[in-house]
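The lines below spell out each chain.
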Amino acid sequence: VDGPVRCSTNVKGVVHVIIELAGLGVLVRHEVEFVVVGGVAAVINGAPITTSDLDILHRRTPENVRRLVAAVTEIDATFRTDPRKIRPNESHLLGPGHALLQTTLGVLDSLGTIETNTTYEDVLVDTFVTEVAGLSIRALTLERLIKVKEQAGRPKDLRMLPELRATLAERNRR
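Predicted model only: the values in this text are computed from it and were never measured.

**Q** I keep staring at the pairing of strand β9 (residues 135-140) and nothing clicks. Help me out?
**A** Each regular strand shows side chains that alternate between the opposite faces of the sheet. Sheet topology note: the strand β8 (residues 127-132)/β9 ladder contains six bridges and is antiparallel. Directly across from threonine 127, in β9, lies its bridge partner leucine 140. Linking β8 to β9, which pair antiparallel, is a turn of two residues; within it alanine 133 sits at a positive phi near 55°.

**Q** Hey, could you run me through the environment of arginine 159 in this one?
**A** Along the chain, the position of arginine 159 falls in helix α8 (residues 155-173). As for arginine 159 and lysine 149, which are separated by ten residues in sequence, their C-alpha atoms are 9.5 Å apart.

**Q** I'm lost on the pairing of strand β2 (residues 34-37) in this one. Help?
**A** Because side chains alternate across β2, one face comprises the buried residues Phe34 and Val36, and the other comprises Val35 and Val37, equally buried. Relative to strand β4 (residues 53-58), β2 runs antiparallel, the two sharing four bridges. Across the sheet, residue valine 35 finds its bridge partner in β4, namely leucine 57.

**Q** Is there a simple way to explain the environment of serine 136 in this structure?
**A** Note that serine 136 resides in strand β9. Owing to a relative accessible area of 47%, serine 136 belongs among the partly exposed residues under this scheme. With sequence-adjacent residues up to four places away left out, serine 136 is seen in contact with Val28, Val129, Thr130 and Glu131.

**Q** When you look at the environment of glutamate 115 in this model, what are you seeing that I'm missing?
**A** Locating glutamate 115 in the fold gives a position in the loop between β7 (106-111) and α6 (120-123). By relative accessible area, which is 28% here, glutamate 115 ends up partly exposed. Between the C-alpha atoms of glutamate 115 and alanine 152, which are 37 residues apart in sequence, the distance is 6.8 Å. A distance of 2.8 Å separates a polar atom in the side chain of glutamate 115 from a polar atom in the side chain of threonine 118. In this structure the side chain of glutamate 115 is engaged in a polar contact, spanning 2.7 Å, whose partner is the side chain of arginine 144.

Cut-offs and rules
- Residues numbered from 1 in each chain as written.
- Predicted model: local features only at pLDDT ≥ 70, side-chain atom pairs only at ≥ 80, totals over all residues.
- Heavy atoms only, no water.
- Pairing = 2+ DSSP bridges.
- Helix = DSSP H or I, 4+ residues; strand = E, 2+ residues; numbered from the N terminus.
- Buried < 20%, exposed > 50% of the residue type's maximum accessible area, 1.4 Å probe, protein only.
- Contact = heavy atoms within 4.5 Å.
- Polar contact = N/O pair within 3.5 Å; in protein donor to acceptor, adjacent residues only side chain to side chain.

So, to be careful, I would describe these as geometric facts and stop short of saying anything about function.
In structure tokens, the structure reads:
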């Protein structure tokens, strides 16, 4: 992603662009089990926010991590905070940490856990699957995303909360 992607009223169209830029299609093609969290999850939920990366919470089973490694290898992923340009391997992705990656398609943060120690399996109850541009994408619900952002408490998360809450309120009025 060369810069922020702005959501408009045409959420499906914008998400289609994000999918192409952020590599969701690669992950789906490799059958990686993941949940979209963060800004792209907000966009999928209809929030008019700006994002420039893709955050996913991946399932940490050996089989899934092998598929994830194959997917990120295809998009030439390296750890973006390490000047040695280290490529992620299974040992990096099996644990609860965050793999902050730069890829040929943009920034991808592959998270082993969110919140305090919440895993892929833990959040499944708070996700939904939607089809966007022919891809089945699992994303965090808006309600759970708000809780995640509140707990994170970082300035960028707190700045997103008013838009997320307004989107939820609008949805609840319908």
